[in-house]
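# Structural characterization, general
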Amino acid sequence: MSAATTTPSGTTGPTTWERLRGWSPPSQYLPVIATAVVFVSLFGAGGVRYEGFATPEVALNLLVDNAFLIVLAVGMTFVILTGGIDLSVGSVVALSTMIAARTLEAGWAPGLAVAAVLLTGTVLGLLMGLVIHYFDIQPFIATLAGMFLARGLCYLIGVESIPIRDETFFSVAAASVPLPGGYSTTPTALVALGTVVVAAWVLHRTRFGRTVYAIGGSQSSALLMGLRVASTKVGVYAISGFCASLAGLLFSLYMLSGYSLHAVGMELDAIAAVVIGGTLLTGGRGLVVGSLLGVLVLGTIQTFISFDGTLSSWWTKITIGVLLLLFVVVQRLITRRQP
Amino acid sequence: MSQTQTPAAVGSGTPAPAREVAPVAGRPAAAPVVEMQGISIAFGGVPALDDVALRLYPGEVHALMGENGAGKSTLIKALTGVYAVDAGTIVVDGREESFTSPAASQAAGISTVYQEVNLCTNLTVAENMLLGREPRRFGGIHTRAMNRRARATLDRLGLDIDPASVLGRHPIAVQQLVAIARAVDVEARVLILDEPTSSLDADEVARLFTVMRTLRDQGTAIVFVSHFLDQVFEISDRLTVLRNGRLVGERMVAETSQLELVKLMLGRELATLEELDREVAETDLVDRTATPVLQVLGLGRKGSLQATDLSVYEGEVVGVAGLLGSGRTELARLLFGADTADTGEIEVHGTSRRFRSPRHAIDRRLAFSSENRRAEGVIEDLSVADNMLLAMQASRGWLRPIPAAQRQALVSKYVEALDIRPANPDATMRNLSGGNQQKVLLARWLLTEPELLVLDEPTRGIDVGAKAQIQQLVADLARRGMAVVFISAELEEVLRLSDRLVVMRERRKIDERLNDDVSVSDVLELIAGQERPTDQERPTPQEAPRG
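Here's what I pulled together on the structure shown here. None of the values given here were measured: they were computed from a predicted structure.

Rules used in this analysis
Residues numbered from 1 in each chain as written. Chains lettered and ligands numbered in written order. Predicted model: local features only at pLDDT ≥ 70, side-chain atom pairs only at ≥ 80, totals over all residues. Helix = DSSP H or I, 4+ residues; strand = E, 2+ residues; numbered from the N terminus. Buried ≥ 20, exposed ≤ 12 C-beta atoms within 10 Å, placed from the backbone. Contact = placed C-beta atoms within 7 Å. Pairing = 2+ DSSP bridges. Expected span 1.5 Å × (residues − 1). Axes fitted to C-alpha atoms, helices over the stretch in contact; angles between N-to-C directions.

Here we take up the overall build of chain B. A tally of helices and strands in chain B yields 18 helices and 22 strands. Relative to its 547 residues, chain B shows a buried fraction of 46%. Here the analysis covers contacts within chain B between residues at least 6 apart in sequence; of these, 70% occur between residues at least 24 apart.

And the structure:
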C-alpha cells in the first residue's frame, strides 16, 4: 500500500448504510431533540388517555392558543443566547394591548395603531439594550426596571379593561386560514410560525445572528474577533421588545381587550419555554425551534389538564416546574461533559 | 545574501546600523515589514517602555525575549494598537502608522494570537475562522462556501480539522491552531504569537512549529513570545531582548548561545544578585536534623501532581523551579489544602495532619499567597488596612474583632516595614500598583505569624524595585526562623533566594538539591530534560500512583 492510499481522503468512504447506522445527532441538537421527544410523548400519552386528544385539531389549537407565547419566546431566545435575560416582556405585552385598545378606541386607523404598538415595544427594548450595554448594567436589573415601567404605563393609559371593537381587529381575530384536509388555523398562528422561521434564518444565516451566538460563547472573544458586539447586544433587546409588542398584538386579538393586568408573569412562561427548549441560560447554545417546542410542551400540559377536567390548573405550574428543573439539570450535565 | 550581523546598539537611542536579515532560502532580503523605533510608553509616570526598537522582516520568526515585566507585552500592545505610544514611530510596510485601536492594527495586517485562546467554543471551526468576513449568498451566510474557504486555509497550513465541527470539541492545542488559522485568513503579514506553547505538550508544540514554518516560508513575519528557551532556539531566526522596559539587543539566533541570551535577559542585575547569592550561601545555617516544620510524603492529586515528597525546615527557603504547568502551583495548593490531595501524608512539626481546606492549614500556622493576585488575593474595593487584616481576623474568628488601636498599630507597622506606597492605610486597594498590592498581601499573611509561608509567584508583574524589596523581605523572614516555600517562574530569583532547590517537571518533582553553586543553566538543563523523541515515541505521562 502506498502512502497516498492510506490517508483518509484516499480511501473510499463508508457506504451510505454504514454512515446511516453510525449517525448520531450532533451534540448541539441533543437538547432540542430531547424537547421534541418530551413533546411527542406527552402528546402521545394524552392520545392514549383521552379520546379526541391526539387529533390535528388539538395540535393546531396548541399553535392558536399559544401564538403570542411563541412570538414572545422567540424574542427571549435572542436575548438568552447572548447570556442576557428580558423580564420586561410580560409588561410590554400588557402595554401593547392597552395602546392598541386605547388608540383604536380613539379612532386611529388599525394600521396606525399597530405601528404605534410595535414602535413602542421596539423603542422600549432598544432603550433597555442601550442601558445594559453602555452602562454595563445587569440585564436582570435593567429589564426589571423596564418591567415596572411598562406595567406602570399601562395604568397611566387606563385602570379598567378597554374592549376592542375595531372591525378590522374583529375580522382578523375571527378569520380562519383553510388548510388542506379540511382543517383550518388562524392568521395569528401563521404570524407566530413566520416569526420562528424568520428568527431561525436570522440566527443561522446572518452575521448578526452568529454574533449573537459568539457573544453568548464569549463576549471578550467576540470583541477580539472584530465582531460588532455593541450593536448586536443592543439589537437583541430591541428584537425582544419588538417580539413582545407583536405578541401583545396577537394577545389583544386573542382577548379583544386591553387591560393592565393582562399577561402578568408571562415573561416567566417565555423564559421557561426557552429553557425547556434547550437554550442554555448562560448563552451561546440553543435553537429557536427549541423554544417553539418548549411553548408546545407547555401548551400540551395545559391541554392535558383541561381534557382531564378533574385536575386542578395548578398542576400546570407543578409540571412546568418539574420539567424546568429536569431540563436545567440535564443541560448542566451535557455542558459539563463537553466543556 | 550575506548573513552578516552587527550586534545592535545596546539600550541607546541610535538605531542599529542597517543590515541584511538572514533571508529565507529563495527569498530576497527584503525591507522590514514592521519597524518600530524610539518607542516609549509610561503608565502614570512610570516608564514601561523606554526608547525601544523592534524590526520584523518578512519570512522570519522573531523571538521577543525578556523576563516578566521586561516590557514584552507592552511592546506587543503598542504594535497591536491596544496602547498608544508616548513617543516613537511605528512604520508598517513603509507607511508610518499610529494605531488607535486593535481593529486599525488588524487592518494593517497585524494579527495576534493570545495565550488564552480568544475564540468562541460554541461556534464551528469555520465560523471561528471567518466570522466577520464570511462569504454571503442571498443576503445570508453561505455556509458551504465558508466551510470550503476554511478548509482551504487549513489545508494550506497542513491541518486536518473538520471546519464544520464545533470548536469546543477540539483540544486546546487544536483551538490554538484554529486561532492561528483565523489570523492567517486575514492575510496577516505579521503574526504575533504570545506564549502559544505554554499549555501544549511536546507533540502539539511540534505541530505548531510545523505550521509556523509553513507560514514563515510563505513570507509572514512571526513574533514569537515564549519563556521556553529551547523552543525559542528551535524555531526562531532572530531575537530581540528587552529588560526593564529597555532594548538590550537584537541577535541572530544562530550566532547566540543560550547562556548569552540568559545573560542578556538578566543583565546587570546579575552582579547585585551575586551579592545576595553569597549572602544566602553563607548564611545556610539551616538545621536539617531537626523535625521539619512541614513534611509531606507522597502528596499527590490525580491529574495535577504526582506523588511528591518534600520537607521544609525552620529558617529555610525552599525554592521551587519549573515551567508553567510543571506542577509548581499545584504543589503549593495541595500544601495549603486549597485543593484536596488524593494521596500522601502531611506532617506539621512531626504530627500528622489532614488539610481539607485552607482553614485547617491556617490553623496550623501555614500561609499561602496565591499566584493569582487579582482573583485569589486582593479585594480591590477594600482599603489597604482591611485587606491586610483579613487573614488575621479570620484566624481569630469573626466574633473577636481586633481593637481599633491595635489594628492601627499593626497596619502602620507593616505599611512602614514593607514600604507600602501610598503610605495610607485607608487607600483603596485598586489604586495601588501591583508591587504594593503584593506587599499588602504579604503583610496579610505575616500578621497571622505563620511558621511556614508558601509564596507562589510573589514577584510576578511588579516593578524591579518592589521585586528587590520583596526578595529582601523573604530572606529576612527566613533568617528570623520562618520556613518559606518560594515558587517563581524566574529561575534566577529562585536560585538567589533558596537554601534548597526543588525542580518540577511534568507534574512531578524531578530533582532536589542544596543550593550551593547551582547555576541557572544547571536548572535549565534539568527543566528542559534530556533530548527526547518529539514524535510518537514520547511516553504517555503516568498517573499518580494511588494508595
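Residue and element names in this part refer to chain B. Where strand 13 (residues 294–301) lies against strand 14 (residues 305–312), 5 bridges are found, and the strand directions are antiparallel. Bridge assignment links Leu294 to a residue of strand 14, and that residue is Val312. Between the antiparallel neighbours strand 13 and strand 14 lie 3 residues, among them Gly303 with a positive phi of about 80°. Pairing geometry for strand 13 and strand 16 (residues 343–348), over 5 bridges, is antiparallel. What sits directly across from Gly300, in strand 16, is Thr343.

As a further point, take the interface of chain B and chain A. With 17 residues of chain B in contact, the opposing surface of chain A contributes 22 residues. Listing elements by their share of the side of chain B that touches chain A, those giving two or more residues are helix 2 (102–107) and strand 8 (140–141) of chain B.

Moving on to helix 5 (residues 172–185) of chain B. Residues and elements named next belong to chain B. A rise of 1.5 Å per residue sets the reference length of helix 5, with its 14 residues, at 20 Å; its end C-alpha atoms lie 20 Å apart and thus fit the reference within 8%. Among the 14 residues that make up helix 5, 10 are buried, leaving the element largely enclosed by the rest of the structure. Listing the buried residues of helix 5 in full gives Gln175, Gln176, Leu177, Val178, Ala179, Ile180, Ala181, Arg182, Ala183 and Val184. Against the buried residues of helix 5 lie strand 6 (110–113), helix 3 (125–130), helix 4 (143–156), strand 9 (190–194) and helix 6 (202–217).

With that settled, the discussion passes to the sheet that holds strand 12 (residues 246–252) of chain B. All names here are of chain B. Taken in spatial order, the 6 strands line up as 6-9-10-3-11-12 in an open sheet, and their pairing is mixed. Each edge of the sheet is formed by a strand with only one pairing partner; in this case those strands are strand 6 and strand 12. This sheet shows a mean twist of 20° between the axes of neighbouring strands, independent of strand direction. Taken together, the 4 bridges between strand 6 and strand 9 define a ladder with parallel strand orientation. Opposite Thr112, over in strand 9, you have Ile192 as the bridge partner. Against the sheet, helix 5 engages strand 6 and strand 9, with an angle of about 170° to strand 6.

Function cannot be read off these values alone, since they describe shape.
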